[in-house]
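So the chains spell out like this:
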There are 2 protein chains.
Amino acid sequence: MNAVIGILGGMGPLATVDFVEKIIDQTPAERDQDHLPLIIHSVPQIPDRTACLVSQHESPLPDMVRGINTLVGAGVSVIVIPCNTAHYWYDGLTQASAVPILHIADACAQKLVDEGIKTVGLMATDGTVKAGFYPKKLARSGIQMVLPEEALQRNIMHGIYQVKSGKIEAGGEILAGCMEQMLRLGVEKVILGCTEIPLALERIESPLVDRGIDATQALAAACVRWHGAFRQRSVA
Amino acid sequence: MNAVIGILGGMGPLATVDFVEKIIDQTPAERDQDHLPLIIHSVPQIPDRTACLVSQHESPLPDMVRGINTLVGAGVSVIVIPCNTAHYWYDGLTQASAVPILHIADACAQKLVDEGIKTVGLMATDGTVKAGFYPKKLARSGIQMVLPEEALQRNIMHGIYQVKSGKIEAGGEILAGCMEQMLRLGVEKVILGCTEIPLALERIESPLVDRGIDATQALAAACVRWHGAFRQRSVA
């Protein structure tokens, strides 16, 4: 029995590839056949998530539900979505899905609990901050989240856009400055809740990267954990 | 109308990711939505291709056919397989598939024709050489292929195994030496018909990389071309 993991990707395409690499990196494997079975739906023709949340543009939900249905039809046993902002529609997606969807904030919470962290900051897009699921999910695990105030959030968004437009070093410097400000608020770690952020911090070799929790990486770890648990259940 | 490309991957998982990155790199895109819609079947629980061809182990064909059926069921309009050796079973796969499968050797032939190349060498696994599709396919485009003699092929295979086992620099040096030998036979270019080869040559910064035709990259270019032609047909 082979439990296939479905990835609802394409938001964006490169973030999807980055996520799959993170799964491969974290899988204990000696040969091809030891790696996790994946079906990846990377169809980027989905309305922009942040544009919908911030400017009331067209909702991406119907297209995402179509993607979920395709994955379920292809026989996956669980679904993950390597895009923070998309989790705003998590409830609608789980209602539409015949299989469970692992939540990216639960994956981060698990990592923070494992490390014994009690206070954490958030660096993410305006859409993810507005979606509000991070503080809610983390509170359930007894973790207090500190959100950036308005000027700092504007600066984080500016840094993310710089990276998205290809100015990775410039964006990295801005984001490293923002992260320093977040850490000065007294949090132990900062959730890097947008693919562009760890990428840019690594590019400028910022030592702050060690104080960050890479949300995509946490979700990849959750996939490896899920598959390990599934294997054990099959053997038992 | 959105024509989705199906990727029968997982052979191996990292080669699949590398292939998707090559598609993204070659796609003229300004935003997420401009990228090609892909469904990627990366289920590596498939019997080893080379082991089957060289030592009569279990055939990977039934599992590959299941993957094709899943992709067709998910609604793809065309399929590609980013694994050279797997093309040994191309005829069986196309017979089982309700949609066309682009052949990796046709993609290489197209690139060679575009560049006006008439003679080419091959560096690939024993399985791919034994499969024999490269010289046949290229001959149809008027391109003459020179195959490595036995001792050279053994050395190529040795270099590939070094890379697979993580000794990328050592493998790269061996493969660069093999490529020099191939070029001395008088061919204009050499098809790098195994994912490990371009990767290792790039790692050691070998100038010979410019004399190689990266088969995976050629297949990625074929995907971009296929999708462009499909869009034009839809508009017409």
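Along each chain, numbering runs from 1 in the same order as the chain's sequence is written. By the order in which they are written, chains take letters starting at A while ligands take numbers starting at 1. This being a predicted model, a pLDDT of at least 70 is required before a residue's local features are given, and a value of 80 or more before pairs of side-chain atoms are given or counted; all residues contribute to the totals for chains, interfaces and linings. Calculated side-chain values reflect all of the structure's heavy atoms, with hydrogen atoms and water omitted.

Peer 1: It is not clear to me how the pattern of salt bridges should be interpreted in this structure. Could you clarify?
Peer 2: If charged atoms from side chains of opposite charge come close, those side chains can pair. Should a side-chain nitrogen of Lys or Arg be within 4 Å of a carboxyl oxygen of Asp or Glu, the pair is scored as a salt bridge. Here the structure, examined in full by the defined rule, presents 24 salt bridges over all chains. The residue Asp18(A) makes a salt bridge to Lys22(A) at a minimum N-O spacing of 3.1 Å. Taken together, the residues span about one helical turn, with Asp18(A) and Lys22(A) both in helix H1 (residues 13-26) at a distance of four residues. Per-residue accessibility, obtained with a 1.4 Å probe over protein chains only, is compared with the maximum for each type, and a residue is labelled buried under 20%, exposed over 50%, and partly exposed between these values. The buried category is assigned to Lys22(A), whose relative accessible area is 13%. Linking Arg184(B) and Glu180(B) is a salt bridge whose minimum nitrogen-to-oxygen distance equals 3.6 Å. Pair noted here: Arg184(B) and Glu180(B) are both in helix H9 (residues 168-184), with a separation of four residues, about one helical turn. Judged by its relative accessible area of 42%, Glu180(B) is partly exposed. Ionic contacts of the salt-bridge type, sharing partners, join the residues Asp18(A), Lys22(A) and Asp214(A) into one network. Helix numbers and strand numbers start at the N terminus; a helix is a DSSP run of H or I with at least 4 residues, a strand a run of E with at least 2.

Peer 1: Before we go on, may I ask you to explain the sheet that holds strand E2 (residues 38-42) of chain A in this structure?
Peer 2: Picture the strands of a sheet paired through backbone hydrogen bonds; they go either parallel or antiparallel. Pairing between strands requires that DSSP locate at least two bridges from one strand to the other. The mixed open sheet is built from six strands, whose spatial order is E3(A)-E1(A)-E2(A)-E2(B)-E1(B)-E3(B). Unpaired on one side and paired on the other, strand E3 (78-80) of chain A together with strand E3 (78-80) of chain B mark the two borders of the sheet. Averaged over all pairs of adjacent strands, the angle between strand axes in this sheet comes to 20°, irrespective of strand direction. With axes taken as lines fitted to C-alpha atoms, and helix axes fitted only over the stretch in contact, angles between N-to-C directions fall between 0 and 180 degrees.

Peer 1: Would you explain the pairing of strand E6 (residues 189-192) of chain A in this entry?
Peer 2: Walk down a regular strand and you will see the side chains alternate between the two sheet faces. Residues and elements named next belong to chain A. Neither face of E6 is open: one carries Lys-189 and Ile-191, the other Val-190 and Leu-192, and all of them are buried. By the bridge criterion, four bridges tie strand E4 (residues 119-123) to E6 in an arrangement that is parallel. If you follow Met-123 over to E6, its bridge partner there is Leu-192.

Peer 1: Sorry, what's going on with H1(A) here?
Peer 2: Given 3.6 residues per helical turn, the α-helix brings residues three or four places apart onto the same face. Taking 1.5 Å per residue, 14 residues should reach 20 Å; H1(A) reaches 20 Å between its end C-alpha atoms and fits that length. Those residues of H1(A) not exposed but buried are Pro13(A), Ala15(A), Thr16(A), Val17(A), Phe19(A), Val20(A), Lys22(A), Ile23(A) and Ile24(A). We call two residues in contact whenever any of their non-hydrogen atoms come within 4.5 Å of each other. Where the residues of H1(A) are buried, they touch strand E1 (5-8), E2, E3, strand E7 (212-214) and helix H11 (215-235) of chain A together with helix H1 (13-26) of chain B. What a helix is expected to span follows from its residue count: subtract one and scale by 1.5 Å.

Peer 1: Just to check I follow, could you spell out the sheet that holds E7(A) for this structure?
Peer 2: Residues and elements named next belong to chain A. Spatial ordering of the open sheet is given by E5-E4-E6-E7, a layout of four strands whose pairing is parallel. Either end of the sheet is taken by a strand with one partner, and the two such strands are strand E5 (144-146) and E7. The sheet shows a mean angle of 35° between the axes of neighbouring strands, direction not considered. Bridging between E6 and E7 involves three bridges; their strand directions are parallel. Looking at E7, one finds that Ile-191 is bridged to Ile-213. On top of the sheet, helix H7 (residues 133-140) reaches E4, E5 and E6; it is set at about 155° to E5, its chief contact. Relative to E7, H11 is tilted by about 50°, and along the sheet it contacts E6 and E7.

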